Amino acid sequence: MAAKPSLCPRPPIYLRMLLLFFTLHLLVRCSTAAYSIGVNYGTVANNLPPPSQVATFLKTQTTIDRVKIFDANPDILRAFANTGIAVTVTVGNGDIPSLSKLPAAQSWVANNILPFHPQTTINYIAVGNEVVATHDKTLIALTLAAMKALKSALLQANITAIHVSTPHSLGILSSSEPPSSGRFRKGYDQRIFAPILEFHRQTKSPFMINPYPYFGFRPETLNYALFKPNGGVYDPVTKINYTNMFDAQLDAVYAAMKRVGYEDVDILVAETGWPSAGDPNQPGVSLENAVSFNGNLVKHVSSGKGTPMMPNRTFETYIFSLFNENLKPSVSEQNFGLFKPDLTPVYDVGILRNDPALAPTASSGAEAPSSVDQGGKWCVPKSDASDEALQKNIDYACSTGVDCKPIQEGGACFSPNTVRSHASYAMNAYYQAFGRHDFNCDFDNTGMVTDTDPSIASCVFQNFV
């Protein structure tokens, strides 16, 4: 019997090919956007390479696709022309009063944006930096006026792609623990932040914040700040157990925004980081901790997992900072950089191109915090680890985005159905995913690295050599 003709004939081949190309293009764009990590390019140093060399290095040797500078340095803006790397420029705090008037804002745009745009992709103008922390009432009162004036000047110059914002420290909050209690400082919530957030809503620009777990940790919360295995911090209102301080800080800001009715405004992480060196015996400062924080940060914000209060969101994030800056006032401040002035990495957090591991590692020029063995290595529980501790390890490892489906009912590693067996799988999955460093298998001293494959029958334990 002859087949019946289709009531919905297929479109011509060229239309189907065009549709396929368009779909793939969108997928590539979405995938790229989801993994974009930026970096703060500070220049408080006397030994840095010229901007042209920096721009070429970032474009050819790293996956960094955006930088934030703390001024509008014309040499830097020229250097990033036609690189595809987006630049955030900054208005100095001292310029805010004058720029609150439209004529001055128009002049600023004419001098600092128009000569470079669009050859240099400028995505944001940051108006000041942590203005509320200055306690200067004049600056605080005029920040929004300057933001509005600069936005108006951009629109009058027919520039719609550049957004205007201002970065805030977490000092804008009067309460942040637990995260659900987050609220803006009294007197600033309705008078300062609600109008700023209304501006962001109307202009579809992000609320910039500078969350630094480094400045918020205590000795007992160091692992919590570093994205390392820990017992977590429980929020009794939301019934959420937070396993890292970064998420808790972002959710505290979100809670504060929600209290004034602006939870729909996007959040951008303008600065965060961890120093790799400091003064002798300075708590929490080490190369190992910098690797752990920044390496896990990159994986976390790129995962699209979001935070407990803001699930399935990817936050545009700028690590502080690109270089170690030798003119900063203290040893720790001089050592926030991912790279040395000679462009060699202090350590790699997975942003270098042609890096098969894409895992956090220390540079050959510095003492590595722990080894990354290239043979068969797995992470398993110590024999004296309690079931209670191992259950916490399972909860933590599975909360970081590693694949724990095999230990769920029906999975290849569900049997034997014991806490220890499931913990073995989850702890190893975390260890393999986050770089195979010894400290990735510590789990509060309940884990150990072994060269004996713990796989059983169809339950195969990962081993990324």
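Predicted model only: the values in this text are computed from it and were never measured. (Residues numbered from 1 in each chain as written. Predicted model: local features only at pLDDT ≥ 70, side-chain atom pairs only at ≥ 80, totals over all residues. Heavy atoms only, no water.)

*Asks:* Kindly report on the overall build of the chain, identifying the contributing residues and their values.
*Replies:* Secondary structure summary: the chain contains 13 helices and 17 strands in total. Taking all 465 residues of the chain together, 50% fall into the buried category. Sequence separation of at least 24 residues holds for 71% of the intrachain contacts in the chain that already meet a minimum separation of 6. Accessible area of the chain: about 21400 Å², with a carbon and sulfur share of 55%. (Helix = DSSP H or I, 4+ residues; strand = E, 2+ residues; numbered from the N terminus. Buried < 20%, exposed > 50% of the residue type's maximum accessible area, 1.4 Å probe, protein only. Contact = heavy atoms within 4.5 Å. Areas by Shrake-Rupley, 256 points an atom, 1.4 Å probe, with all protein chains shown as cover.)

*Asks:* Mind laying out the packing of aromatic side chains, listing which residues take part and the relevant values?
*Replies:* Considering all chains together, one arrives at 21 aromatic pairs under this definition. Between F227 and F246, the aromatic rings sit 6.2 Å apart at their centres with planes inclined by 45°, giving tilted as the arrangement. Placement of the pair is F227 in the loop between α9 (222–225) and β10 (233–235) and F246 in helix α10 (residues 245–259), with a sequence separation of 19 residues. The burial state of F227 is the same as that of F246; both residues are buried. Measuring from centroid to centroid gives 5.5 Å for F227 and F293, while their planes differ by 45°, and the two rings are tilted. Linking F227 in the loop between α9 and β10 with F293 in helix α11 (residues 287–302), this pair joins segments that are 66 residues apart in sequence. Each of the two residues, F227 as well as F293, counts as buried. Within the aromatic cluster, the residues linked to one another by ring pairs are F70, Y212, Y214, F215, F217, F227, F246, W274, F293, F320 and F336. Positioned over the ring face of Y188 is R185, at 4.8 Å from the centre of the ring. (Phe/Tyr/Trp six-rings, centres within 6.5 Å; stacked < 30°, edge-to-face > 60°. Lys NZ or Arg CZ within 6 Å of the ring centre and 35° of its normal.)

*Asks:* Could you give me a rundown of the pattern of salt bridges, with the residues and numbers involved?
*Replies:* Tallied over the full model, the rule gives 10 salt bridges. Between K68 and E271 there is a salt bridge, with its nearest N and O atoms 3.8 Å apart. Of this pair, K68 sits in strand β2 (residues 66–69) while E271 is found in strand β12 (residues 267–272), placing the two residues 203 residues apart along the sequence. Relative accessible area serves as the criterion here: at 2%, K68 is assigned to the buried category. A salt bridge links K228 to E288; the shortest N-O distance between them is 3.1 Å. Of this pair, K228 sits in the loop between α9 and β10 while E288 is found in helix α11, placing the two residues 60 residues apart along the sequence. For E288, a relative accessible area of 25% puts it in the partly exposed group. (Salt bridge = Lys/Arg side-chain N within 4 Å of Asp/Glu carboxyl O.)

*Asks:* How would you summarise the packing of helix α5 (residues 102–112) against helix α6 (residues 137–156) if you had to cite specific residues and measurements?
*Replies:* Between α5 and α6, the shortest axis-to-axis distance is 8 Å and the interhelical angle comes to 55°. Relative to α6, α5 is oriented oblique. Regarding α5 and α6, the two cross each other, and that crossing is right-handed. Residues L102, A105, Q106, W108 and V109 of α5 lie in contact with α6, whose contacting residues are A149, L150, S152, A153, L154 and Q156. Across the contact of α5 with α6, the residue classes tally to 8 nonpolar, 3 polar and no charged. (Axes fitted to C-alpha atoms, helices over the stretch in contact; angles between N-to-C directions. Parallel < 35°, antiparallel > 145°, perpendicular 65-115°, else oblique. Left-handed = near helix turned anticlockwise from the far one by under 90°. Nonpolar A, V, L, I, M, F, W, Y, C, P; charged D, E, K, R; others polar.)

*Asks:* Lay out the side chain of K228 with the relevant residues and their values.
*Replies:* The buried category is assigned to K228, whose relative accessible area is 12%. Contact partners of K228, with chain neighbours within four places excluded, come to N223, T243, E288, N289, S292, Y396, Y430 and F439.

*Asks:* Now, about the pairing of β12: what can you tell me, with residues and values included?
*Replies:* By the criterion of burial, β12 is predominantly enclosed, with 6 of the 6 residues buried. Relative to strand β13 (residues 317–319), β12 runs parallel, the two being bridged by 2 bridges. From the neighbouring strand, T272 faces β13, where its bridge partner is I319. Regarding topology, α11 serves as the crossover connection from β12 to the parallel β13, and that connection is right-handed. (Pairing = 2+ DSSP bridges. Right-handed = clockwise from strand over helix to strand, strands pointing away.)

*Asks:* Describe the sheet that holds strand β1 (residues 37–41), listing the residues and the values that go with them.
*Replies:* Strand order in the open sheet formed by 9 strands is β5-β4-β3-β2-β1-β13-β12-β9-β6, and the pairing between neighbours is parallel. In this open sheet, the two strands that pair with only one neighbour each are β5 (163–165) and β6 (167–169). Between one strand and the next, the sheet's axes are offset by a mean angle of 25°, whatever the strand orientation.

*Asks:* A description of the environment of V460 should follow, citing residues and the corresponding values.
*Replies:* With respect to the helices, strands and loops of the structure, V460 is situated in the segment after β17 (447–450). Judged by its relative accessible area of 55%, V460 falls in the exposed class. For V460, the contacting residues outside a window of four places in its chain are C413, Y425 and S455.

*Asks:* Would you mind going over the state of the cysteines in detail, with residue names and values included?
*Replies:* Within this structure, the stated rule accounts for 3 disulfides. In this model, C398 is linked to C404 through a disulfide, with the two sulfur atoms separated by 2.1 Å. Handedness of the C398-C404 disulfide follows from its S-S torsion of about -100°: it is left-handed. Its relative accessible area of 26% is what places C398 among the partly exposed residues. Sequence-ordered numbering of the disulfide-bonded cysteines in the chain gives the connectivity 1-5, 2-3, 4-6. (Disulfide = S-S within 2.5 Å.)

*Asks:* For the confidence of the model for the chain, give the residues involved together with the corresponding values.
*Replies:* Residue-level pLDDT values for the chain average 87, and 87% of them are 70 or greater. When the criterion is pLDDT under 50, residues 1–11 qualifies, and its contacts beyond four places in sequence or with other chains add up to 2 contacts. Scored below 50 in pLDDT, residues 13–35 shows 5 contacts in the model against residues more than four places distant or in partner chains. (pLDDT = per-residue confidence, 0-100.)

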